[in-house]
Amino acid sequence: MGKQTNRIEKRVTTIELDEPAIRAAYLAGDAPSTIASRAPDKAHYAAIIGFIAMHRDVWLRERLKLRRMPNDKKIVVERCIYEDEMGRSRFMKISLPRVSMHIAAMQEAQQ
């Protein structure tokens with residue numbers, strides 16, 4: 001007797017997504033709906049929207065860590081300038097000279 005499958009298993013399809021391309025587009029500033037609109041059909045559209053929603057926080061944290069990489073001549077930090085009533089935040093990069101006072105303050109804040 002062959003393997004039995006139920007009706008749901010017959011309807012489920014596997015969708016292959018190009019994660020690096022989706023991630024790059026999202027981090028470049030494209031809206032999830034814009035990225036998903038390039039999909040060939042509605043099933044791909046929904047999968048891409050869900051994929052972005054599930055991974056965007058991790059992607060943004062990783063990007064923020066990369067921005068904090070040390071530089072020989074300056075320190076660049078990103079600070080939230082304001083947040084509006086819709087929950088959107090405006091971040092600004094602040095460049096500080098690489099002096100011992102700033103380095104000590106950052107090390108103290110990390111502890």
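Calculation notes
- Residues numbered from 1 in each chain as written.
- Predicted model: local features only at pLDDT ≥ 70, side-chain atom pairs only at ≥ 80, totals over all residues.
- Heavy atoms only, no water.
- Phe/Tyr/Trp six-rings, centres within 6.5 Å; stacked < 30°, edge-to-face > 60°.
- Helix = DSSP H or I, 4+ residues; strand = E, 2+ residues; numbered from the N terminus.
- Buried < 20%, exposed > 50% of the residue type's maximum accessible area, 1.4 Å probe, protein only.
- Salt bridge = Lys/Arg side-chain N within 4 Å of Asp/Glu carboxyl O.
- Arc of directions from axis to C-beta.

Visitor: In this structure, what is going on with the packing of aromatic side chains? I would like to understand it.
Guide: In this description, an aromatic ring pair is defined by two values, namely the gap between the centres and the angle between the planes. As enumerated under the stated definition, the model contains two aromatic pairs in all. Between Tyr26 and Trp59, the aromatic rings sit 6.0 Å apart at their centres with planes inclined by 55°, giving tilted as the arrangement. Taken together, the residues Tyr26 in helix α2 (residues 19–27) and Trp59 in helix α4 (residues 42–67) connect sequence positions 33 residues apart. Side by side, Tyr26 and Trp59 carry an identical accessibility label, which is buried. Among the aromatic residues, those joined into a cluster by ring pairs are Tyr26, Phe51 and Trp59.

Visitor: What's the story with the pattern of salt bridges in this structure? I'm lost.
Guide: Side chains bearing opposite charge may pair, as long as their charged atoms lie close to each other. All told, the structure shown has two salt bridges when counted by the stated rule. Here Arg23 ties to Glu62 by a salt bridge, and the two come within 2.6 Å at their closest N and O atoms. Of the two residues, Arg23 is situated in helix α2 and Glu62 in helix α4; the sequence distance between them amounts to 39 residues. Judged by relative accessible area, which is 34%, Glu62 ranks as partly exposed. Here Arg38 ties to Asp30 by a salt bridge, and the two come within 2.9 Å at their closest N and O atoms. On the basis of relative accessibility, which here comes to 53%, the residue Arg38 falls in the exposed class.

Visitor: Looking at this structure, how should I read α2?
Guide: Within an α-helix, residues lying three or four positions from one another point in the same direction, as the helix has 3.6 residues per turn. By the burial criterion, the buried members of α2 are Ile22, Ala25 and Tyr26. Looking down the long axis of α2, one finds its buried residues gathered within 100° of arc, a one-sided arrangement. One or two positions beyond α2, positive phi appears at Gly29, with a value near 110°.

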